[in-house]
Amino acid sequence: MKGSRKGLGCLILFALPFAVVGLIVLFMAGRMFWLWIEVRDWQKVPARIERTELITSTDDDSTTYEVEAVYTYEFEGRTYEGTRVGLSSGSDNIGSFHERAYRELSELEETGETFRCYVNPQDPSQSILYVEMRWGLLAFLGLFGATFAGVGIGMIVAGVVGKRRLEEESQRAVEHPEEPWRWKREWIEGRITASGQTQFLRPCIMATFWNLVSAPLVVIIPQEVRDNGNYLALIALVFPLVGVGLAVWAIRAFVRWKKFGDSVLELSTFPGVLGGSLMGRILTSVNIEASSGFRLTLSNVNRVTRGSGKNRSTSETVLWQQERHLRRESAAFDPTRSEIPIEFRIPYDTAPTEKRSDDDEVLWRLDVAAEVAGIDYSARFEVPVFETAASQTTPAESDEYGGWVEAEPPPVDLAAFGIDTELLSTGANLLT
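This structure is a prediction, so every number in the text was calculated from the model and none was measured. In this numbering scheme, every chain counts its residues from 1 along its sequence in written order. Confidence filtering applies because this is a predicted model: local features only for residues at pLDDT of at least 70, side-chain atom pairs given and counted only at 80 or more, and all residues used for totals across whole chains, interfaces and linings. For the side-chain quantities, the full set of heavy atoms in the structure was used; hydrogens and water were omitted.

(A) Inspection of the overall build of the protein at higher detail. Numbering of helices and strands runs from the N terminus, with a helix taken as a DSSP run of H or I at least four residues long and a strand as a DSSP run of E at least two residues long. Counting its regular elements, the protein contains 6 helices and 18 strands. Exposure classes here rest on a 1.4 Å probe applied to the protein chains alone. A residue is buried below 20% of its type maximum, exposed above 50%, and partly exposed in between. The proportion of buried residues among the 432 residues of the protein is 36%. Of the roughly 25,500 Å² of accessible surface on the protein, 55% is carried by carbon and sulfur atoms. Methods summary: accessible areas were calculated by the Shrake-Rupley approach with a probe of 1.4 Å, and residue burial reflects only the protein chains presented.

Shown next as structure tokens:
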């Protein structure tokens, strides 16, 4: 428990800068947008440009620009001095606003001609020269801020929720010290839900994050090509294209969830037994018309995470796997649901469900899939498999799937019904 509190504290310290920076940038974007709305009611008056300068800052990655100006104007008989050029403050390299404004204002400074500025009638000391919205900059600030704030706040929330789950598992471990399959919340009752909503949230989060980061390129890159002729920048458009692919993936996952809803695995062997069986049934919330049956796959997987920071990666190794085919489900004539029976014989020498460390764990997965019209059905369950008192080093063999898998149907003697057949080149039979 003490270690989990320490880990949560470290996670919050790591995530807090992301959240703070993101919120600050979002505030800047919001202030820019609000000022754009406010200046619509300001009054336009002539201004004389006294001084203008273009500040250029160059580093290893890019060059940013900021135009500065000092101008004077009169309002209701008084003379004021202003310095605000545009809706945004600070330097950037989004588009060519700063260079264009500098060229225009410096020419007016040399010729002495006046330029228009907008004055706040409620506070004449507030003024601005350019009131057009820089949509590319606004999009960049908004998406950058939303991404950083979302990542930071998301990590903090995930850490708090994860800590709470660890505390609950620790409490259940005390209550059931000899039954580790009762420690996880998902396994307590022997009913495991494959939430279609959860399955679509993962691609949705990935697609949202990727597109938030890459979407500003759709605005920035065309401006870069148009203003500077940098056609090599078009290569960066591959990132928004990947975002489109991720969005399609997320939409398909969402449609699958809306089509099939959630599936529930009810285990009759709780837990699955090394040297024994994993038996139960999968209940769906809709009837699944699978003309070619269901494909069931039980996998024993070792998931290992290596490295740290940016070099951190996760790999999975399949230690054992068995695939079965079910020709029809048990509730084939029920229009409201499907019932898919399962039975697997598990070898004794496979690895049990075990969390060896934070970076190394063994798990068991049950995947079910079926080809249907439109988007195919699929569901995944993480199931508990342990060595118990029922484990046998050489478990007794039984009929495949306890007899609930249909055998190949016997060939029908069509000639007895007066029907002649002819084998076509495609392998199909022509009935005459």
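(B) Broad picture of the side chain of Asn120. Position of Asn120 among the secondary structure elements: in the loop between strand 4 (114-119) and strand 5 (127-128). What qualifies as a polar contact is a pair of N or O atoms within 3.5 Å, subject to a donor-acceptor requirement within protein and to the restriction that residues adjacent in sequence count only when both atoms come from side chains. Separated by 3.0 Å, the side chain of Asn120 and the backbone nitrogen of Gln122 make a polar contact. Sequence-distant contacts of Asn120, defined by excluding residues within four places in its chain, comprise Trp42 and Gln126. Note on contacts: a residue pair is in contact if any heavy atoms of the two residues lie within 4.5 Å.

(C) Highlighting helix 2 (residues 97-111). A rise of 1.5 Å per residue sets the reference length of helix 2, with its 15 residues, at 21 Å; its end C-alpha atoms lie 21 Å apart and thus fit the reference within 8%. Of the residues making up helix 2, those classed as buried are Phe97, His98, Glu99, Ala101, Leu105, Ser106 and Leu108. Looking at the buried residues of helix 2, the elements they touch are strand 1 (43-58), strand 2 (63-75) and strand 4. After helix 2 finishes, the residue Gly112 shows a positive phi value of roughly 80 degrees. The span one expects for a helix is its residue count, reduced by one, times 1.5 Å.

(D) Here's a closer look at unusual backbone geometry. A cis amide bond, omega 5 degrees, links Phe270 with the succeeding residue Pro271. Here Pro271 lies in the loop between strand 7 (263-267) and strand 8 (272-273). At Glu76, a position not held by glycine, the phi torsion is positive, near 55 degrees. Assignment of secondary structure puts Glu76 in the loop between strand 2 and strand 3 (78-82). The exposed category is assigned to Glu76, whose relative accessible area is 71%.

(E) Summary view of the pattern of salt bridges. Take a side-chain nitrogen of Lys or Arg and a carboxyl oxygen of Asp or Glu: if they are within 4 Å of each other, that pair is a salt bridge. Scanning the model with the defined rule gives 19 salt bridges in all. For Arg100, the salt bridge identified is with Glu132, shortest N-O distance 3.4 Å. Separated by 32 residues along the polypeptide, Arg100 in helix 2 and Glu132 in the loop between strand 5 and helix 3 (135-175) bring together distant segments of the chain. The closest approach of N and O atoms between Glu382 and Lys184, which form a salt bridge, is 3.4 Å. You can see Glu382 sitting in strand 15 (residues 377-383) and its partner Lys184 sitting in the loop between helix 3 and strand 6 (191-194), a full 198 residues away along the chain. The class of Glu382 is partly exposed, set by a relative accessible area of 30%. Among the charged side chains, a salt-bridge network with shared partners connects Arg191, Glu266, Arg281, Arg337 and Glu339.

(F) Representation of the sheet that holds strand 5 in the model. One requirement defines pairing of two strands: DSSP has to find at least two bridges between them. Pairing is antiparallel in the open sheet, where 5 strands are placed in the order 3-2-1-4-5. At either margin of the open sheet sits one strand with a lone partner, and together these are strand 3 and strand 5. Where helices are involved, their axes are fitted lines through C-alpha atoms of the stretch in contact, as for all axes, and angles between N-to-C directions lie from 0 to 180°. Here helix 2 sits on the sheet and contacts strand 1, strand 2 and strand 4; the angle it forms with strand 1, its principal contact strand, is near 125 degrees.

(G) Inspection of helix 3 at higher detail. With 41 residues, helix 3 extends 58 Å from end C-alpha to end C-alpha; this agrees with the ideal 60 Å at 1.5 Å per step. Residues of helix 3 that are buried: Gly136, Leu137, Leu138, Leu141, Leu143, Gly145, Thr147, Ala149, Gly152, Gly159, Lys163 and Arg172.

(H) Representation of the sheet that holds strand 9 (residues 276-284) within the structure. Within the open sheet, the 4 strands sit side by side as 6-7-9-12. Their pairing is antiparallel. With one partner strand each, in any of the chains shown, strand 6 and strand 12 (339-346) form the two edges of the open sheet. Each strand of the sheet is rotated relative to its neighbour by a mean of 25 degrees, with strand direction disregarded.

(I) Region of the structure containing the nonpolar core. With 32 residues, the main nonpolar core has Phe381 and Val383 as its most contacted residues. Residues in contact with Val383, not counting those within four places in the same chain, are Trp187, Ile192, Leu265, Leu278, Leu298, Thr353, Trp364 and Leu366. What makes a nonpolar core is a set of buried Ala, Val, Leu, Ile, Met, Phe, Trp, Tyr and Cys residues whose side-chain atoms join them at distances within 4.5 Å. With 19 residues, the next largest nonpolar core counts Val45, Ile49, Tyr71 and Phe115 among its residues.

(J) Quick look at the pairing of strand 4. In this sheet, strand 4 lies alongside strand 1 in antiparallel orientation, the contact comprising 6 bridges. Bridge pairing in strand 4 places Lys44 opposite Tyr118. Of the strand pairs in this sheet, strand 4 and strand 5 are connected by 2 bridges, and their pairing is antiparallel. Across the sheet, residue Tyr118 finds its bridge partner in strand 5, namely Ile128.

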